[in-house]
Amino acid sequence: MKNILQTASGLIDSHEDHIRENIAREESSVSFYKRSIHKTDGAIVSMGRDQKERFLMVVSAKETGLISEFSGEQIGDGGIFARKCPLNHHNAKIIRKYFPWTVPTSAAGHDLTVGFGDRIGLATLGHVAAANSFKIFPVLAQQSVRELQMTGRTFFDVIDDVTFQVFEAGYKDGYGADADHLKTIGDIEIAYAAGMTFFTIDISDRIKVAALEYDDKQLETAFAQLDKDAQGRALDKYSGKEFKVGGKKIAFTEKMAKLCAVLYADAITFGIDAAAHLKSLDSRNHDLEICFDEVNFSTPVEHHFYIARELHDNGVDFATIAPSFSKDFEQAIAFNSTPEEFGKIFALHNVVAEFFNSRLSIHSGSGKEALFAIIAKLTGGKFHIKISGTSWLEAVRLIAVKDPVLFKIMYSCARDNVERLKKFYNVSPDIDSIPEVSGIYDDQLTALLERPSVTQMMHVGYGAILKDKAIHPMLIAILHKTEKEYVEGLKNIYTGYLELMGAVRK
Ligand SMILES: [Zn+2]
């Protein structure tokens, strides 16, 4: 312990360029992240790691002040005080208090914003390594309510994990925290309380999808059941009307107006209520997104216009909007049609988004690299994209290389649960097309991962893998051990993504 103390106190003079200063001593090896070394209030705060875990190290000449606020093991003696502190919620709060650049902020004013997200809590260093070179606003903390349920994490955990890694990387350019797919007022309150800054209100579940199959008579009956005001609004504002939207015409027949009213009445009401509730809570700047991407039909551009206008007319000031671009827009794999076909639909949605002074938000961007260039071109570089699945799959790929035995356990766990888990996502892996892993040689595991059905299985498999009490600690241990490779891998992938998205280099 004395050695740790001596090294930590001397860190400020360190000249090594790399993030890590390795100081092997006796039986254990402790190193510190050079960019994490910060001096404030007469103390040095830094992040370190040993063979088992990462931790905060606080060194101070006095026993009071900043050092006394951190919880941890006091290891100082003789006029210098040091505390080795676990990465818990209490200590994350102290970091945010003394280093305000570790607090998430609003994405407002940025053209290209990228939702990185991280289900494991170890990927932010890789995200920052890539984002640092570009003029983008990274939403480093991003997690959906569903992901939290699957992984057993909370919004607090999500922000805390990012806080420590932002601190560790010494990254001071600001980041966002997206509470994704919020479907209830309760979800919004929990996310707000945790300090999230970007709220994605998901109205999909309240869309009356069955109405798409109605015949004329059923539609009339359903429309007549709406309250009189809603009926009047739909007819007055939309029936037989044509709108000029950024050089395009968007026209509504009476039937389309009625269909939109029936389909979206409850969804829009929820959007309005949720946005108003958020406003009533909020004393800080936040970003608001409205999403309805997770439905089994592509959003016609007229429907997008209808939803956006109704929200807009009711005071919902959304910054980004996520329609469903295609029912073929499955998660984690390439898009089923050509970029040109996608571009035709996407361009129209972008015109509508711009008309309402918002940007399009593309969910499930992981694996859709072929579309990044056309998205960048059609939006003029103004869009939001969520690509969190990539970080998980990169962890899976790395484990396949570094620890084939663990990979096979993870694979089997995902395979056993894929039928259950795929219901939560827009994926269609067929269990019969996914081989058992026992007969596969170790050096063929990464090739196996390239198969779309296997990619999708592992993409959704996190829900079983990360919750498994035996697998989770093994996974964290191997990623801790291979941290450098994981960060490098993520940096390379995301740098490639950002280049394809036309992100401007700093
Ligand atoms: Zn989504």
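Being a predicted model, the structure only gives us computed values, none of them experimental.

Conventions used here
- Residues numbered from 1 in each chain as written.
- Predicted model: local features only at pLDDT ≥ 70, side-chain atom pairs only at ≥ 80, totals over all residues.
- Heavy atoms only, no water.
- Donors = N, O, S within 2.8 Å, 3.2 Å for Na, K, Ca; no water.
- Buried < 20%, exposed > 50% of the residue type's maximum accessible area, 1.4 Å probe, protein only.
- pLDDT = per-residue confidence, 0-100.
- Contact = heavy atoms within 4.5 Å.
- Salt bridge = Lys/Arg side-chain N within 4 Å of Asp/Glu carboxyl O.
- Helix = DSSP H or I, 4+ residues; strand = E, 2+ residues; numbered from the N terminus.
- Phe/Tyr/Trp six-rings, centres within 6.5 Å; stacked < 30°, edge-to-face > 60°.
- Expected span 1.5 Å × (residues − 1).
- Core = buried A, V, L, I, M, F, W, Y, C linked by side-chain atoms within 4.5 Å.

Any details on the coordination of the zinc ion? Residues and values, ideally.
Around the zinc ion, the protein contributes the donor atoms His181 (NE2), Asp293 (OD) and His363 (ND1), which lie 2.1 to 2.3 Å from the metal centre. Of the residues examined, His181 reaches a relative accessible area of 6% and is grouped as buried. You can call Asp293 buried: its relative accessible area is 13%.

Any chance you could break down the confidence of the model for the protein for me, citing the residues and the numbers?
When pLDDT is averaged along the protein, the result is 90, and 91% of the positions lie at 70 or above. pLDDT under 50 marks residues 1-27. Its contacts with residues more than four places away, or in other chains, come to 57 contacts.

Tell me what's going on with the pattern of salt bridges, and back it up with residues and numbers.
If you walk through the whole model with that rule in mind, you get 26 salt bridges. We note a salt bridge from Glu147 to Arg119, for which the minimum N-O separation is 2.8 Å. One end of the pair, Glu147, is in helix α5 (residues 145-151); the other, Arg119, is in the loop between β8 (112-115) and α4 (124-131), with 28 residues separating them in the sequence. You can call Glu147 buried: its relative accessible area is 5%. Among the salt bridges present, the one from Lys183 reaches Asp205, with a minimum N-O distance of 3.2 Å. In this pair, Lys183 sits in the loop between β11 (177-182) and α7 (185-194) while Asp205 sits in the loop between β12 (198-202) and α8 (216-224), placing the two residues 22 residues apart along the sequence. Accessibility expressed as a relative area gives 53% for Asp205, which makes it exposed.

Which residues make up the packing of aromatic side chains, and what values go with them?
Taken as a whole, this structure holds 23 aromatic pairs when the rule is applied. Look at Phe116 and Tyr494: their rings are 5.0 Å apart centre to centre, the planes differ by 75 degrees, and that puts the pair in the edge-to-face class. One end of the pair, Phe116, is in the loop between β8 and α4; the other, Tyr494, is in helix α19 (residues 483-500), with 378 residues separating them in the sequence. Tyr494 shares its class with Phe116; the two are buried. Taken together, the ring pairs connect Tyr238, Phe243, Phe252, Tyr264, Phe305, Tyr306, Phe355 and Phe356 into an aromatic cluster.

Any chance you could break down helix α13 (residues 369-379) for me, citing the residues and the numbers?
Within the sequence span of α13, burial applies to Leu371, Phe372, Ile374, Ile375, Ala376 and Thr379. Buried residues belonging to α13 abut α12 (339-355), β17 (359-362), β18 (383-386) and α19. Trailing α13 by a residue or two, Gly380 shows a phi angle of about 60 degrees, which is positive.

Which residues make up helix α14 (residues 389-402), and what are the values?
Over its 14 residues, α14 extends 20 Å from the first C-alpha to the last, a length consistent with the 20 Å expected when each residue adds 1.5 Å. The element α14 is largely enclosed, with a buried count of eleven among its 14 residues. Taken as a whole, α14 has its buried residues at Gly389, Thr390, Ser391, Trp392, Leu393, Glu394, Ala395, Val396, Leu398, Ile399 and Ala400. Buried positions along α14 lie against α4, α15 (404-421), α16 (445-449), α17 (452-465), α18 (471-481) and α19.

Run through the nonpolar core, naming residues and quoting values.
Within soluble globular proteins, side chains that are nonpolar tend to cluster in buried spots. Membership of the largest hydrophobic core comes to 151 residues, with the highest contact counts inside it found for Trp392, Phe407, Met410, Met458 and Met501. Here this core takes 13 residues from helix α10 (residues 254-281), the largest share from any one element. Those residues within four positions of Met501 in sequence are excluded, and the remaining contacts are Leu112, Val114, Phe372, Ala376, Phe383, Ile385 and Ile387. Val30, Phe32, Ile75 and Ala82 belong to the second largest nonpolar core, which has seven residues in total.

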